[in-house]
Every structure is written in structure tokens, then in C-alpha cells.
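Results of the structural survey
This is what each chain is made of:
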Amino acid sequence: MSILEENLKDAIRGESNARRKYQLYAERAKKEGLKGISLLFEAVSRAESVHVKNHLKALSVLTGREALVEDIVQITEEELNNLVGDTRSNLANAMEGERHEFKVMYKTFLKNAKKEGQNVVELTFNLARQAENIHRKLFSRFLTRLEKNKPIDLGEIHVCTICGNVELSKPTSNCPICDHSPKFFDTIRASF
Ligand SMILES: [Fe+2]
Ligand SMILES: [Fe+2]
């Protein structure tokens with residue numbers, strides 16, 4: 001297996017696990033009555049599914065074979081449930097995961113894609129890396145406010161369906177990461 005194929009599969013595993021983990025974190029925050037944080041986890045979960053989709057496409061282009069998430073990701077429900085703590089520790093864990101993806105994982109993967117001259121792979125890593133940095137900043141902001149006992153509340157949140165960027169206010173201009181118009185953002189509304 002080529003290094004880029006390995007990198008893409010690692011990234012798909014990481015994003016898919018994060019997507020499912022954040023869904024559980026959203027449910028936990030909801031149980032704790034933390035609506036804004038629950039909504040943030042839901043939005044970032046959606047963003048990670050955008051990354052999975054983009055990486056799968058890049059893997060198909062790279063290998064010339066259809067790539068399926070089920071063939072790449074293996075984590076049990078039990079293993080996932082073991083990753084859930086209280087919302088404060090879930091936010092800290094999420095922030096650290098995003099930091100690692102931004103500063104270490106995608107930084108290395110991006111270098112490899114550039115070296116190999118694989119533009120499609122480079123693009124998907126680059127979009128994901130920039131979105132992870134936004135996610136990291138959002139988790140950090142929400143954690144600080146929770147620790148001050150003033151949790152951020154939200155009624156809705158917006159996710160770019162092209163790159164996984166997350167915005168707290170309704171976007172009125174093109175996505176700062178992928179430059180697509182505001183119509184490519186999905187709005188998620190609080191259901192409780
Ligand atoms: Fe992320
Ligand atoms: Fe975007």
C-alpha cells in the first residue's frame with residue numbers, strides 16, 4: 001500500500017470515529033441540559049462526515065477502486081461508549097483531538113501529498129486541516145465558557161457541506177475555507 005493510501009485510510013478512520021464519538025458527546029450534553037454544546041458537537045460531527053466523504057472520493061481517485069468506509073473503519077459500539085465522559089472532559093478530549101489533527105496528523109499527510117504531487121489528495125487534506133483548526137478553536141471557546149459556568153447557548157449552527165467549516169452565525173459571504181457560497185451551508189437547529 002502506498003504511503004498516501006495509508007494516510008487516507010488513517011484519516012478516514014480518525015474522522016469516522018470522531019463523527020460517531022461527537023454524536024455521543026452531543027447526546028451527553030443534551031442530558032446535562034447544555035443545549036449550545038450539544039448543538040456544537042452535532043455540527044462538528046456533521047463536519048467530520050464531510051471529511052470522510054471527501055477522503056473516500058480522493059482514495060477512489062488515487063487507487064482507481066471504489067472505497068467503502070465499512071472496509072476501512074472497525075470500532076465497536078462498546079469501544080465508542082467507553083470514550084464518553086462528562087461534557088467538560090468530552091470538550092477537552094475533542095479539543096485535543098482537533099489540535100492533534102491540525103498540528104500533527106494533517107500537517108504530515110499534507111506534506112506527503114505535496115511530495116507525491118497528488119492534487120486531489122492534497123486538496124482533501126488541506127480542507128480538512130483548516131476545518132479542524134476552526135473546530136479546535138470552537139471547542140476551546142465553549143470549554144472556557146463552561147468552566148466559567150456561563151455555557152454558550154445557541155438556537156442554530158451552520159456547517160459547510162463542502163469542507164466541514166462550522167459557523168455560529170448564519171453565513172452571509174463565501175466560506176473562508178473553501179470559497180463556496182453560503183447556500184452550501186446546512187443549518188442545524190436545536191431540537192430541545
Ligand atoms: Fe474536526
Ligand atoms: Fe467550506
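Residues numbered from 1 in each chain as written. Chains lettered and ligands numbered in written order. Predicted model: local features only at pLDDT ≥ 70, side-chain atom pairs only at ≥ 80, totals over all residues.

Another point: the sheet that holds strand S1 (residues 156-160). In spatial order, the strands read S2-S1-S3; together these three strands make up an open sheet with antiparallel pairing. Among the strands making up the open sheet, the edge pair consists of strand S2 (166-167) and strand S3 (185-189). Relative to S2, S1 runs antiparallel, the two sharing two bridges. For Val159, the partnering residue across the bridge sits in S2 and is Val166. (Pairing = 2+ DSSP bridges. Helix = DSSP H or I, 4+ residues; strand = E, 2+ residues; numbered from the N terminus.)

Our next topic: the packing of helix H1 (residues 3-31) against helix H2 (residues 35-63). It is the contact of H1 with H2, at a shortest axis distance of 8 Å, that shows an interaxial angle of 160 degrees. Relative to H2, H1 is oriented roughly antiparallel. H2 is crossed by H1, and the crossing has left-handed handedness. In the contact of H1 with H2, the residues fall into 17 nonpolar, eight polar and six charged. (Axes fitted to C-alpha atoms, helices over the stretch in contact; angles between N-to-C directions. Parallel < 35°, antiparallel > 145°, perpendicular 65-115°, else oblique. Left-handed = near helix turned anticlockwise from the far one by under 90°. Nonpolar A, V, L, I, M, F, W, Y, C, P; charged D, E, K, R; others polar.)

In this section: the pairing of S1. Summarising the sheet, S1 and S3 pair through five bridges and their orientation is antiparallel. In the sheet register, Glu156 faces S3, and the bridge partner there is Arg189. Adjacent in sequence and paired antiparallel, S1 and S2 are bridged by five residues, among which Gly164 carries a positive phi angle near 85 degrees.

The next point concerns the nonpolar core. Membership of the largest hydrophobic core comes to 45 residues, with the highest contact counts inside it found for Ile37, Leu40, Phe41, Ala43, Phe142 and Val166. Only H1, H2, helix H5 (87-116), helix H6 (119-147) and S1 provide two or more residues apiece to this core. Not counting residues up to four positions away in its chain, the partners in contact with Phe41 are Tyr22, Tyr25, Ala26 and Ala29. (Core = buried A, V, L, I, M, F, W, Y, C linked by C-beta atoms within 7 Å. Buried ≥ 20, exposed ≤ 12 C-beta atoms within 10 Å, placed from the backbone. Contact = placed C-beta atoms within 7 Å.)

Position of Met95 among the secondary structure elements: in helix H5. Considering only alpha carbons, one finds Met95 and Lys53, 42 residues apart in sequence, at a separation of 22 Å. In this structure, Met95 is in contact with Arg136, Phe139, Ser140 and Leu143, ignoring residues within four places of it in sequence.

Moving on: unusual backbone geometry. The backbone phi angle of Asn149 is positive, close to 60 degrees, even though this residue is not glycine. Tracing the backbone through its elements, the reader meets Asn149 in the loop between H6 and S1. Positioned with a positive phi, Asp179 is a non-glycine residue whose angle comes to about 65 degrees. Within the secondary structure, Asp179 is located in the loop between S2 and S3. Judged by local crowding, Asp179 falls into the exposed class, with 11 C-beta atoms found within 10 Å.

Let us look at H1. Between the first and last C-alpha of H1 there are 42 Å, a value that for 29 residues agrees with the 42 Å anticipated at 1.5 Å per step. Immediately beyond the C-terminal end of H1, within one or two residues, lies Gly33, with a positive phi of roughly 75 degrees. (Expected span 1.5 Å × (residues − 1).)

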